[in-house]
Amino acid sequence: MSSPKRLFDFIYNQQEKFPQEKCYVYKKDTYWESISTQQFLEQVNIASRALLNLGIKPNDKIAVISSNNRPEWHVLDIATLQIGAQNVPLYPTLSEKDYEYIINHSDALYCFVSDKELLKKVTAVKAKTQLKGVFTFDEINAKTNWSSFLELGKSEDNQPLVEKLKKAVKPDDLATIIYTSGTTGTPKGVMLSHRNIVENTLVSADALDLKGTHHRVVSYLPINHIFERFASYYYHLMGFEVHFAESIEKLGDNLKEIQPHFIPVVPRLIEKVFDKIVAKGNELSGIKRVLFFWALALAGKYKPYHQNSLFYNFKLKIARKLIFSKWQAALGGELHFMVSGSAPLQERLITIFTAAGIPIFEGYGMTETSPGVSINDLRNDGFKVGTVGKILKNIEVKIADDGEILVKGSNIMLGYYKNEELTHKTIIDGYLHTGDIGTLDKDGFLKITDRKKEMFKTSGGKYIAPAVLESVLKQSRFIEQAMVIGESKKMPAALIQINFNFVKEWAKRKNYNITNVATDINVISRIQKEIDNYNTNFGRWEQIKKFEITPEEWTIEDDLLTPTMKMKRKNIKKKYNYLFQKIYNS
């Protein structure tokens, strides 16, 4: 078989060159079960025939919503793609109103959902859409569950049509429409072709130092997000065993069971893992506690490529054996590295985990770039903390006069669905205007400094880059989220969401009871101390002069965070406008 050109070519390539006994592994009740590459493809063709029998034609749209990652999602994805139709994946956390908008905007004819809760939400808006039917992966209604759907494709009479349609799919054909959650405004439908994702998968595979088949990987990030979606095709390409985590809550247990060689991560996950590690360290006493924090301090001084002294490396070897080996075991004990994307990751966490023998390679990309643009890699001096790595092969990046990152290559989206005006504003002369501000250093490393739309000026005319300040503030174990404000105001300030678990433990150690975190004088004093400390990293004009603590956690359910845990600034400001007014009018 020639090099893959369409997304479904990856799995057929796997079947031809290195068929897997355990293509997908999932937990049923208390046991792990698996399906082979051959079994997977048999189900794919059954599902393709079923779709055709439902009347699906090339360029029709199928909406898919799943609360957990599972084989059925991937079967349906490949089945849809190979007959020239398109998969429109949606977040399970969206509101009924969002489902109604996206299903209508995308022209989806059928919708597949994973469970009863999602069925209820989609059924509530079905009459306001053009949907012809809704199927469920779980066994809920006998007539509309996954088994009954597959029954529609049991006959092989139309398999020749499947083969004909498969051959007709071209690399530049539309493969999927991914609706970005967005921190503001209406969701945008990003149109990605087979070529967009295929060629990005191939160059990303070269940049990831993980060769050979039969490596174990864990799938747990939302599959509707381009990061995990791209990863699924990468796994097909490489011939890896894909193990589905039971849930994000059980991920820790699953990692120990699966012992993965690689996992993609997002910053919030690493931050939470680190917080739990430090919390356990705080519970230690005597020499164990001393050793733990000695190792932690040592890891914070780590530099790659043997830049540390021989004595430092000797001490690090001891720390890895006594302390960091336990971290490795908690993550399964076999991890080669992790790749972080979707949002900036604190530099100190990259440094500490890499020193601990669990390298984190931060990369950069977005839905509109299918997704990869750059990534760190320990080989060939390709790793630099504080950057998102070197540009991937066959992709061009340049920095505009105003600092915006512009990207050009085969990975650039086809455009926004039904929005030519925005498409033409975003892609100019072949360059995607990312909206991110950054720099390219002399060694070719890309550094992201802020979002163009989020930068603002104070009334004194000074530019403030909030993402940079927020990333530094979040290094505090007391601060889980920070939103820097102050556009057209005399000074920057911050709305702070504390780390409730850590503050609770802190108060317990102090034998102190907190009734309201937003007004508690001791909590306020402690956060002020943290901010005073971090302010020394900022220029005088950008130092945080005032702050207010929000009384509750910011959540996806409250519409304050996107499904990828990015802040919805407009919504946060609206909800806590009273705190905003208190900062600037008192």
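What counts, and at which threshold
- Residues numbered from 1 in each chain as written.
- Predicted model: local features only at pLDDT ≥ 70, side-chain atom pairs only at ≥ 80, totals over all residues.
- Heavy atoms only, no water.
- 1 Å grid on protein atoms, 1.4 Å probe; cavity = no way out; pocket = protein on both sides within 12 Å on 5 of 7 lines; lining within 4 Å.
- Points joined across faces, edges and corners; volume = space filled by probe spheres on them.
- Helix = DSSP H or I, 4+ residues; strand = E, 2+ residues; numbered from the N terminus.
- Nonpolar A, V, L, I, M, F, W, Y, C, P; charged D, E, K, R; others polar.
- Patch = residues over 30% accessible without salt bridge, like charges linked within 9 Å, V, L, I, M, F, W, Y side chains within 5 Å.
- Areas by Shrake-Rupley, 256 points an atom, 1.4 Å probe, with all protein chains shown as cover.
- Salt bridge = Lys/Arg side-chain N within 4 Å of Asp/Glu carboxyl O.
- Lys, Arg positive; Asp, Glu negative; His and termini not counted.
- Charge placed at Lys NZ, Arg CZ, Asp CG, Glu CD.
- Buried < 20%, exposed > 50% of the residue type's maximum accessible area, 1.4 Å probe, protein only.
- Core = buried A, V, L, I, M, F, W, Y, C linked by side-chain atoms within 4.5 Å.
- Contact = heavy atoms within 4.5 Å.
- Pairing = 2+ DSSP bridges.
- Axes fitted to C-alpha atoms, helices over the stretch in contact; angles between N-to-C directions.
- Arc of directions from axis to C-beta.
- Phe/Tyr/Trp six-rings, centres within 6.5 Å; stacked < 30°, edge-to-face > 60°.
- Lys NZ or Arg CZ within 6 Å of the ring centre and 35° of its normal.

Caption draft 1: How the structure looks around empty space enclosed by the protein. The tally for this structure, following the rule as stated, stands at two cavities of 30 Å³ or more. Lining the largest cavity are 14 residues, with Glu 271, Asp 275, Gln 346, Lys 474 and Ser 476 positioned closest to its centre. Every element with two or more residues in the lining of the largest cavity is listed here: α11 (267-283), α14 (347-355) and β24 (479-485). Among the elements that line the lining of the largest cavity, the one with the most residues is α11, at four residues. Here the lining of the largest cavity is built from residues that sort into three nonpolar, four polar and seven charged. Here the second largest cavity is characterised by a volume of approximately 40 Å³. Glu 199, Asn 200, Val 203, Lys 393, Asn 394, Ile 395 and Ser 410 are the residues that line the second largest cavity. Looking at the lining of the second largest cavity residue by residue, the class counts come to two nonpolar, three polar and two charged.

Caption draft 2: Structural context of a positive patch on the surface. The grouping of Arg 289, Arg 509, Lys 510 and Lys 529 at the surface amounts to a positive patch. Tracing the sequence through the fold places Arg 289 in helix α12 (residues 286-299). Overall, the relative accessible area of 32% leaves Arg 289 in the partly exposed class.

Caption draft 3: Unusual backbone geometry, seen in detail. Cis geometry is adopted by the peptide bond preceding Pro 371, which originates at Ser 370 and carries an omega value of -5 degrees. When you line up the elements, Pro 371 lands in the loop between β13 (360-365) and β14 (372-375). Notably, Asn 511 is not glycine yet its phi reads approximately 55 degrees, a positive angle.

Caption draft 4: Quick peek at the nonpolar core. One finds Phe 112, Phe 149, Tyr 234, Trp 327 and Met 338 to be the most contacted residues of the largest nonpolar core, which totals 124 residues. Those residues in contact with Phe 149, other than ones at most four positions away along the chain, are Ala 47, Ala 50, Leu 51, Leu 54, Leu 76, Phe 112 and Phe 135. Counting 25 residues, the second largest nonpolar core, distinct from the first, contains Val 472, Ala 482, Val 484 and Tyr 534.

Caption draft 5: Up close: the sheet that holds strand β25 (residues 493-498). Here three strands make up an open sheet; going across it, the order is β24-β25-β26 and the pairing mixed. At either end of the open sheet lies a strand with only one pairing partner, and these are β24 and β26 (546-549). On average, adjacent strands in this sheet sit at an angle of 25 degrees to one another, irrespective of strand direction.

Caption draft 6: Molecular detail of helix α16 (residues 466-473). Every buried residue belonging to α16 is among Pro 466, Leu 469, Glu 470, Val 472 and Leu 473, and all of these are buried. For α16, the buried positions fall inside an angular range of 160 degrees around the axis, keeping them on one side. The secondary structure elements touched by the buried residues of α16 are β21 (446-451), β22 (456-457), β23 (463-464), β24, α18 (521-535) and α19 (569-575).

Caption draft 7: Spatial organisation of the packing of aromatic side chains. Across all of its chains, the model carries 28 aromatic pairs by this definition. Arranged with centres 5.7 Å apart and planes meeting at 90 degrees, the rings of Tyr 234 and Phe 240 form a pair that is edge-to-face. Across this residue pair, the class does not change: Tyr 234 and Phe 240 are buried. Between Phe 478 and Phe 502, the aromatic rings sit 4.9 Å apart at their centres with planes inclined by 90 degrees, giving edge-to-face as the arrangement. Residue Phe 478 is located in the loop between α16 and β24, and its partner Phe 502 is located in helix α17 (residues 500-509); the two are separated by 24 residues in the primary sequence. A residue is classified by how much of its surface remains accessible, and Phe 502, at 8% relative accessible area, is buried. When the ring centre of Tyr 584 is taken as reference, the NZ or CZ atom of Lys 489 above it lies at 5.7 Å. The lysine or arginine in question, Lys 573, covers the ring of Phe 580, its NZ or CZ lying 4.5 Å from the ring centre.

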